[in-house]
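Tertiary structure, described
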Amino acid sequence: MSDDLLIAKISYGFDLLDADGDGRLTEDDHVLMGRSSARSLGHAEGSTQEAGIIAAYVAIWRDLHLPTLPPGTEAISRAEFIGSTATLADDPATAQATVGALARAFLSIADADGDGRVTPEEFLTFQRGHFPGLERAAADEAFRHLDRDGNGTLSAEEFITAATEYWSSRDPQAPGNWWAGNPALAGTA
């Protein structure tokens, strides 16, 4: 199967994660994403809740990304991100260990009420923290694709599987392709 779908998703995802738009993924981007997510969830600037969310995002940078960089490097270029992330398609164990761990960290943020499930409203709020332009209709459509059992919520397994598929699956039918909204936006229609 062609890598076109996978590369398009990863490219689109990088552009969304590059919060300051400088073409590099850095700790600062993670701080900005944390702030954006906190605002999306209704937490006040400077609040304990905001600090906790920012800390979770910075931990993702420090625990997931930074250890893979050469000493003294403080940024990942778009090309480096795409190249390294694309390798996950051929290494499901590493995809689970890295993206799966990332998704579990994100789940703790997205599941605002702590009930172990993500509702459509929680999904929209969480995703808008990453993807500020995501409209409700697009988030609702994405949610329907990700909700594999159709019960109206995302279980931890559905949430983690969706994120992992988005970043590592070449399958054009994988529900996780909808993680960041309509996959057509990533040039994958």
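In what follows, the accompanying structure is described. (Residues numbered from 1 in each chain as written. Predicted model: local features only at pLDDT ≥ 70, side-chain atom pairs only at ≥ 80, totals over all residues. Heavy atoms only, no water.)

For the pair helix α6 (residues 120-130) and helix α7 (residues 136-146), interaxial distance at closest approach is 10 Å and the crossing angle is 115 degrees. In this structure, α6 crosses over α7, and the sense of that crossing is right-handed. Residue-level contacts link P120, E121, F123, L124 and R128 of α6 to R136, A139, A142, F143 and L146 of α7. By residue class, the composition of the contact of α6 with α7 is 7 nonpolar, no polar and 3 charged. (Axes fitted to C-alpha atoms, helices over the stretch in contact; angles between N-to-C directions. Helix = DSSP H or I, 4+ residues; strand = E, 2+ residues; numbered from the N terminus. Left-handed = near helix turned anticlockwise from the far one by under 90°. Contact = heavy atoms within 4.5 Å. Nonpolar A, V, L, I, M, F, W, Y, C, P; charged D, E, K, R; others polar.)

Taken as a whole, this structure holds 10 salt bridges when the rule is applied. Here R170 makes a salt bridge to D3, at a shortest N to O gap of 2.4 Å. Linking R170 in the segment after α8 (156-168) with D3 in the segment before α1 (4-17), this pair joins segments that are 167 residues apart in sequence. Across the pair R148 and E165 runs a salt bridge, and its minimum N-O distance is 2.5 Å. Here R148 is found in the loop between α7 and β4 (154-155), whereas its partner E165 is found in helix α8, with 17 residues between them in sequence. In this structure E165 comes out as buried when scored by relative accessible area, which is 17%. In this structure, a network of salt bridges that share partners links the residues D3, D90 and R170. (Salt bridge = Lys/Arg side-chain N within 4 Å of Asp/Glu carboxyl O. Buried < 20%, exposed > 50% of the residue type's maximum accessible area, 1.4 Å probe, protein only.)

In this section: the environment of A86. Along the chain, A86 turns up in helix α4 (residues 78-86). For the pair A86 and S169, spaced 83 residues apart in the sequence, the C-alpha separation amounts to 9.0 Å. The residues contacting A86, other than those within four sequence positions of it, are L6, I7 and I10.

On to the environment of F123, then. If you trace the backbone, F123 turns up in helix α6. Classification of F123 as buried rests on a relative accessible area of 0%. Apart from the residues lying within four places of it in its own chain, the contact partners of F123 are V118, A139, A142, F143, L146, L154 and W179.

This brings us to the packing of aromatic side chains. Aromatic rings considered in pairs are described by the distance between their centres and by the relative angle of their planes. Throughout the structure, instances matching the rule amount to 9 aromatic pairs. For the ring pair F14 and F81, a centre distance of 5.4 Å and an interplane angle of 50 degrees mean the geometry is tilted. Of this pair, F14 sits in helix α1 while F81 sits in helix α4, placing them 67 residues apart in sequence. Overall, F14 belongs to the buried group, its relative accessible area being 1%. Ring geometry for F123 versus F143: centroids 5.7 Å apart, planes at 65 degrees, classification edge-to-face. On the criterion of sequence distance, the pair formed by F123 in helix α6 and F143 in helix α7 is long-range, its members being 20 residues apart. Residue F123 shares its accessibility class with F143, and that shared class is buried. Connected via pairs of aromatic rings, a cluster forms that spans Y57, F106, F123, F126, F143, F159 and W179. Stacked on the ring of Y166, the Lys or Arg K9 has its end atom at 5.6 Å from the ring centre. (Phe/Tyr/Trp six-rings, centres within 6.5 Å; stacked < 30°, edge-to-face > 60°. Lys NZ or Arg CZ within 6 Å of the ring centre and 35° of its normal.)

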